[in-house]
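Results of the structural survey
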Amino acid sequence: MSYRTEEVAYVQPAQPAASAQATQQKRSTAEYRALDAAHHIHPFSDMGSLNRSGSRVIVKAQGVYLWDSDDNKIIDGMAGLWCVNVGYGRKELADAAYRQMQELPFYNTFFKTTHPPVIELSALLAELAPEPFNHFFYCNSGSEGNDTVLRIVHQYWATQGKHSKKFVISRKNGYHGSTIAGGTLGGMGYMHEQMPSKVENIVHIDQPYFFGEAEGNLTPEEFALARAQQLEAKILEIGADNVAAFIGEPFQGAGGVIFPASTYWPEIQRICRKYDILLVADEVIGGFGRTGEWFAHQHFGFEPDLITLAKGLTSGYVPMGAVGLHDRVAKAIIENGDFNHGLTYSGHPVAAAVAVANLKLLRDDKIVERVKTDTGPYFQKKLRDTFANHPIIGEISGAGLVAGLQLAEDPKARKRFANGGEVGTICRDFCFNGNLIMRATGDRMLLSPPLVINKLEIDEIVAKAKYAIDATAQQLGIS
Ligand SMILES: *Cc1c(COP(=O)(O)O)cnc(C)c1O
């Protein structure tokens, strides 16, 4: 271990905990950056270029706001990474973790043992999830959730004596995490390029991205139907006896907040039922109130067989993921001997206690209800009013408190920028400099704020987004 870099003049010893507030800043920004560059490899980053420019150091947060090490106050339009649903600084969650760590910080659930937090969480999830979801398996992340989904899917078909059902169909530009299985299920080409060995028997169909991929005069409904019917074509190509499951995010999050038209999911469900194929909804972003429903599949009106959960499950305060099993899948798993899968921290008591506190807040403070009836509709209308006829906004997608803003060279003609990724980065940098966190995925700008956001804060996000998008148009010479 070495702290010594040219930029670091000195290194303070760690302060005794009692002498300092948890949030007290111990180093200068330059020191933090130098140490970060010297020793920390960031996820999904070009480290050479990041180390040259330096990371922004986030030191504390409250509600929907973050503070960096230079004391800038930043409004978080992304709820961390789509996860801080109850907002920052909720003492209820901190207290739950503190109490549970003192009572029982860890015990496993492998060998005929269980504990109160995982029992309470499972019962509460069964209450909050739609009627047929009464059983839950736990892990530490969304990626592990989707690994678990694969294990359950294959075990399920084994119990049915259908051993040839091995293929899983997923979608291009879907995101299902970054373990080998998660990365293979996802349809991100740049991730596949760096994975020479992928999980076998996973194939992809096209995504329901109307603005970017619809040709001719198809309506959004016709286009979505055609994209859903690709699933049927793929099943017939592989043979229904060989297909185990289809997996999709109800709306694609990381792929750009792509909302399929209302015709899409009912058709996917019809096809899955017709060919006896399990339907998996990856609810890692959509779950726990994001669209105004508890789960995004409820927003789109379909019934999956398995749901992947993470992110909003604990509002990101501690890591936790889960898979919810429809009764008919759960029954097969429960009644057929050993299920040979588990993680040391499956159902971790501290994570489970935090999840329970989080879910109770979402329910009892009526946070999810408010997204549906009040703040969600307000946010969607505000965005659509503000960007109607904007010279570089081609569409606004979303529902509740999630939205995608499509940057476009000619919105009316659905013409995208040739260098869309660069335009997104320009816009993202204007946001960043204006103390708004808004993410760019290629040429789509994404918003997904904490669900506790109020109308004044929504106004602030939209005003700052408008400023950044106007500045982008101006830099491109478009007005
Ligand atoms: C974030 C995400 C994942 C992966 O979750 P991790 O906790 O990062 O492993 C999986 N699916 C979807 C839809 C996600 O957005």
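Residues numbered from 1 in each chain as written. Predicted model: local features only at pLDDT ≥ 70, side-chain atom pairs only at ≥ 80, totals over all residues. Heavy atoms only, no water.

**Considering the nonpolar core**
How we decide: We define the nonpolar core as a collection of buried residues of types Ala, Val, Leu, Ile, Met, Phe, Trp, Tyr and Cys that are connected through side-chain atoms lying within 4.5 Å of one another. Burial classes: relative accessible area under 20% of the type maximum marks a residue as buried, over 50% as exposed, and values in between as partly exposed (1.4 Å probe, protein chains only). Secondary structure elements follow DSSP: runs of H or I no shorter than four residues count as helices, runs of E no shorter than two count as strands, and numbering proceeds from the N terminus. Note: domain ranges come from an automatic or database domain assignment. Pairs of residues are marked as contacts when any of their non-hydrogen atoms sit within 4.5 Å.
Membership of the largest hydrophobic core comes to 107 residues, with the highest contact counts inside it found for Leu121, Phe246 and Leu359. In terms of residue count, the dominant contributor to this core is helix α14 (residues 349-364) (ten residues). Per-domain counts for this core show at least three residues from each of domain 1 (3-89 + 366-476) and domain 2 (104-364). With residues near it in sequence (within four places) discarded, Phe246 still touches Ile169, Arg171, Ile205, Leu231, Tyr264, Trp265, Ile268, Cys272, Ile277, Leu278, Leu279 and Val280.

**What about the packing of helix α6 (residues 142-159) against helix α13 (residues 327-334)?**
Describing two packed helices takes the angle between their axes plus the distance from one axis to the other. The condition that has to hold: Here, axes are lines fitted to C-alpha atoms. For helices the fit covers the stretch in contact, and angles between N-to-C directions go from 0 to 180 degrees. When an angle is under 35 degrees it counts as roughly parallel; over 145 it counts as roughly antiparallel; between 65 and 115 it counts as roughly perpendicular; any other value is oblique. Residues are grouped as follows: Ala, Val, Leu, Ile, Met, Phe, Trp, Tyr, Cys and Pro are nonpolar; Asp, Glu, Lys and Arg are charged; all remaining types, including Gly, are polar.
Relative orientation of the contacting elements α6 and α13 amounts to 70°, with a least axis distance of 9 Å. In terms of orientation, α6 and α13 fall into the roughly perpendicular class. Touching Ile152, Gln155, Tyr156 and Thr159 of α6 are Arg328, Val329, Ala332 and Ile333, all from α13. Here the contact of α6 with α13 is composed, by residue class, of five nonpolar, two polar and one charged.

**Quick word on the pattern of salt bridges**
Rule in force here: One speaks of a salt bridge when a side-chain nitrogen belonging to Lys or Arg is within 4 Å of a carboxyl oxygen belonging to Asp or Glu.
All told, the structure shown has 26 salt bridges when counted by the stated rule. The salt bridge partner of Lys91 is Asp95, with a shortest N-O separation of 3.1 Å. Of the two residues, Lys91 and Asp95 are both situated in helix α4 (residues 91-103); the distance of four residues between them amounts to about one turn of the helix. Residue Asp305 pairs with Arg328 through a salt bridge whose shortest N-O separation is 2.5 Å. Here Arg328 lies in helix α13 and Asp305 lies in the loop between α12 (296-300) and β9 (306-309), a separation of 23 residues in the sequence.

**Considerations on the domain arrangement of the chain**
Rules: Simply put, the buried area is the total loss of 1.4 Å probe accessible area from both parts when two parts are fitted together.
Along its sequence, the chain is carved into domain 1 (3-89 + 366-476) and domain 2 (104-364). Computed from C-alpha atoms alone, the centre-to-centre distance between domain 1 and domain 2 is 27 Å. With 39 residues of domain 1 at the interface, the matching set in domain 2 holds 38 residues. Carbon and sulfur atoms make up 60% of the surface buried where domain 1 meets domain 2, a total of about 2,900 Å² over both sides. At the surface where domain 1 touches domain 2, the tally comes to one salt bridge.

**Some thoughts on helix α11 (residues 264-274)**
Residues three or four positions apart in an α-helix share a direction because the helix packs 3.6 residues into each turn. The cut-off we apply is this: As used here, the arc belongs to the directions running from the helix axis to the C-beta atoms.
Residues of α11 that are buried: Tyr264, Trp265, Glu267, Ile268, Ile271 and Cys272. What you see down the axis of α11 is that its buried residues fit within an arc of 160°, all on one side. Buried-residue contacts for α11 involve β5 (167-171), α10 (220-238), β7 (243-248), β8 (278-282) and α12. The first or second residue beyond α11 is Asp276, which carries a positive phi of 60°.

**Structural notes on the environment of Thr472**
Counting through the fold element by element, Thr472 comes out in helix α17 (residues 455-475). Separated by 43 residues in the primary sequence, Thr472 and Asp429 place their C-alpha atoms 9.4 Å from one another. When near neighbours in sequence (up to four residues on either side) are disregarded, Thr472 contacts Ile392, Val423, Ile426, Cys427 and Phe430.

**Some details on the sheet that holds strand β2 (residues 65-68)**
Note the threshold: Here a strand pair is declared whenever DSSP counts at least two bridges between the two strands.
Spatial ordering of the open sheet is given by β1-β2-β3-β13, a layout of four strands whose pairing is mixed. Unpaired on one side and paired on the other, β1 (58-62) and β13 (436-437) mark the two borders of the sheet. Pairing geometry for β1 and β2, over four bridges, is antiparallel. Bridge pairing in β2 links Ala61 to Leu66. Sheet contacts for α17: β2, β3 (73-76) and β13; angle to β3, the most-contacted strand, approximately 100°.

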